[in-house]
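The primary structure of each chain is shown beneath.
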Amino acid sequence: MGKLTVGALRAVLVVVLAGTLFVQASMVWALATDPEDGSLPLTPLRLVTILGMVSAQVALVCVWRLVTMVRRGTVFSHAAFRYVDFVIGSIVAAGLVWFAVTALNAPGQREDPGVTLIMGGVGLAILGVALIVLVLRMLLAQAVARDTEAAQMQGELDEVI
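The paragraphs below set out a description of the structure included in this document. (Residues numbered from 1 in each chain as written. Predicted model: local features only at pLDDT ≥ 70, side-chain atom pairs only at ≥ 80, totals over all residues. Heavy atoms only, no water.)

1. Notes on the overall build of the protein
As a reminder of what qualifies: Helix numbers and strand numbers start at the N terminus; a helix is a DSSP run of H or I with at least 4 residues, a strand a run of E with at least 2. Computation of the radius of gyration draws on C-alpha atoms, with the globule rule given as 2.2 Å multiplied by the number of residues to the power 0.38. Note on definitions: a residue-residue contact is assigned when non-hydrogen atoms from the two residues lie within 4.5 Å. Only the protein chains shown count as covering a residue, and every accessible area follows the Shrake-Rupley method with a 1.4 Å probe. Neither His nor the chain termini are counted; the positive set is Lys and Arg, and the negative set is Asp and Glu. By convention, the point assigned to a charge is CZ for Arg, NZ for Lys, CD for Glu and CG for Asp.
Along its length, the protein carries 4 helices and 0 strands. The secondary structure elements of the protein, listed N-terminal to C-terminal, are α-α-α-α. Computed over its C-alpha atoms, the radius of gyration of the protein comes to 21 Å, more than 25% above the 15 Å expected for a compact globule of 161 residues. Structurally, the protein occupies a C-alpha span of about 80 × 35 × 25 Å along its principal axes. Taking the intrachain contacts of the protein between residues at least 6 apart in sequence as the baseline, contacts between residues at least 24 apart amount to 72%. Total accessible area computed for the protein in this model is approximately 10600 Å², and 72% of it derives from carbon and sulfur atoms. Across the protein, the centroid of the 10 positively charged side chains sits 7 Å from that of the 11 negatively charged ones.

Pasting the structure below:
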C-alpha cells in the first residue's frame, strides 16, 4: 500500500472520527444545558444515535490499526484477526442500530410504509457488508496459513542447504 493511499485513508479516518466525536460532544452539551421540557434527556433516538457512532468509532480505530499493520508488513499475522473481528462486530452492531432506527421511525410512516421497507433494505445491506468483511477475514486466514507454511518450508530448505 503506497504512502499516498495510506495518508489519504488516515486523513479520512481522522475527519470521520473527529466528526463523530464532535456530534457526541454536541449531544451531551445539548442534553446538559437545555433539556427539552417534559421529555427525558436521553430519548430512544438519541441513544441509538450514540450507539451507532460508537460502533463507527470502533471500526475506525480498528481500520487504523490494520493500516498500520499493512505499512509495517505484519498484517498477515494472527494479531490482525482481532481487529478484523472488531470491525465485523461493529458493522453488525451498526446494522442492528439501523434496524432500531427503522423501528423507531416506523410508527410515523403508517401512510407511506415504503419508507420503512427501504430502511429495512438498507439494514440488510449493512449486514451484507459484514458478510463481505467476514469473507475477507477468511481470505486473510488462508494467507496467514500460506505464509506460515512458506516460512516452515523455507526453514526446512535452509537446513538442507
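2. Notes on the packing of aromatic side chains
Let me state the cut-off plainly: By convention, a stacked pair of Phe, Tyr or Trp rings (six-membered ring in the case of Trp) has centres within 6.5 Å and planes under 30 degrees apart, an edge-to-face pair has planes over 60 apart, and any other such pair is tilted. Sitting over a ring, as applied to charges here, requires NZ of Lys or CZ of Arg to be within 6 Å of the ring centre and within 35 degrees of the ring normal.
A full pass over the atoms with the stated rule returns 0 aromatic pairs. One Lys or Arg, Arg10, reaches over the ring of Trp64 and ends 4.8 Å from the middle of that ring. Geometry around Tyr83 places Arg82 over its ring, the cationic atom sitting 4.9 Å from the centre.

3. Describing the packing of helix H3 (residues 79-105) against helix H4 (residues 113-160)
Put simply, the rule is: Helix axes are fitted to C-alpha atoms over the stretch in contact, other axes to C-alpha atoms as well, and angles between N-to-C directions run from 0 to 180 degrees. Here roughly perpendicular refers to angles of 65 to 115 degrees, roughly parallel to angles under 35, roughly antiparallel to angles over 145, and oblique to all remaining angles. Residue polarity follows a fixed list, in which Ala, Val, Leu, Ile, Met, Phe, Trp, Tyr, Cys and Pro are nonpolar, Asp, Glu, Lys and Arg are charged, and the others, Gly among them, are polar.
Running from N to C, H3 and H4 cross one another at 175°; their axes reach a closest spacing of 9 Å. The angle between H3 and H4 places the two elements in the roughly antiparallel class. When its residues are assigned to classes, the contact of H3 with H4 shows 24 nonpolar, 6 polar and 2 charged.

4. Observations concerning the nonpolar core
Nonpolar side chains in soluble globular proteins tend to be buried together. Selection rule: We define a nonpolar core as any set of buried Ala, Val, Leu, Ile, Met, Phe, Trp, Tyr and Cys residues linked to one another through side-chain atoms lying within 4.5 Å. The classification of residues rests on relative accessible area computed with a 1.4 Å probe and restricted to protein chains. Under 20% of the type maximum is buried, over 50% is exposed, and intermediate values are partly exposed.
Judged by nonpolar contacts, the single largest core of 15 residues is most densely connected at Leu66, Met69, Ala80, Val84, Val133 and Leu140. Secondary structure elements with two or more residues in this core: helix H2 (44-72), H3 and H4. The element contributing the most residues to this core is H3, with 7 residues. Ignoring sequence-local partners within four residues, the contact set of Val84 consists of Leu66, Val133, Arg137 and Leu140.

5. Here we look at the environment of Phe76
On the secondary structure map, Phe76 appears in the loop between H2 and H3. Take Phe76: its relative accessible area is 46%, and that puts it in the partly exposed class. Spatially, the C-alpha atoms of Phe76 and Gly2 are 17 Å apart, while their sequence positions differ by 74 residues. Among all residues touching Phe76, those that are not within four sequence positions of it are Leu140, Ala143, Val144 and Asp147.

6. What to know about the layout of surface pockets
The condition that has to hold: Points on a 1 Å grid over protein atoms alone make up a cavity when a 1.4 Å probe fits among them but cannot get out, and a pocket when they form an open set with protein on both sides within 12 Å along at least five of seven lines; lining residues each have an atom within 4 Å of a point. Grid points are joined across faces, edges and corners, and a volume is the space filled by probe spheres set on the points.
Of the voids in this model, the largest pocket is the one considered here, and its volume is about 360 Å³. Residue lining of the largest pocket: 14 residues in total, with Leu66, Val75, Val84, Leu136 and Leu140 positioned closest to the centre. Looking at the lining of the largest pocket, its residues break down into 13 nonpolar, no polar and 1 charged.

7. Thoughts on the side chain of Ser90
For Ser90, the position within the fold is in helix H3. Using a relative accessible area of 7% as the deciding quantity, one classes Ser90 as buried. Look past the residues within four positions of Ser90 in its chain and what remains in contact with it is Ser55, Val58 and Ala59.

8. Considering the environment of Ile126
Relative to the assigned elements, Ile126 resides in helix H4. Along the backbone, Ile126 and Leu136 are 10 residues apart, and their C-alpha atoms lie at a distance of 16 Å. Contacts of Ile126, omitting those with residues within four sequence positions, involve Ile91, Ala94, Gly95 and Trp98.

So yeah, pure geometry; function would need other evidence.
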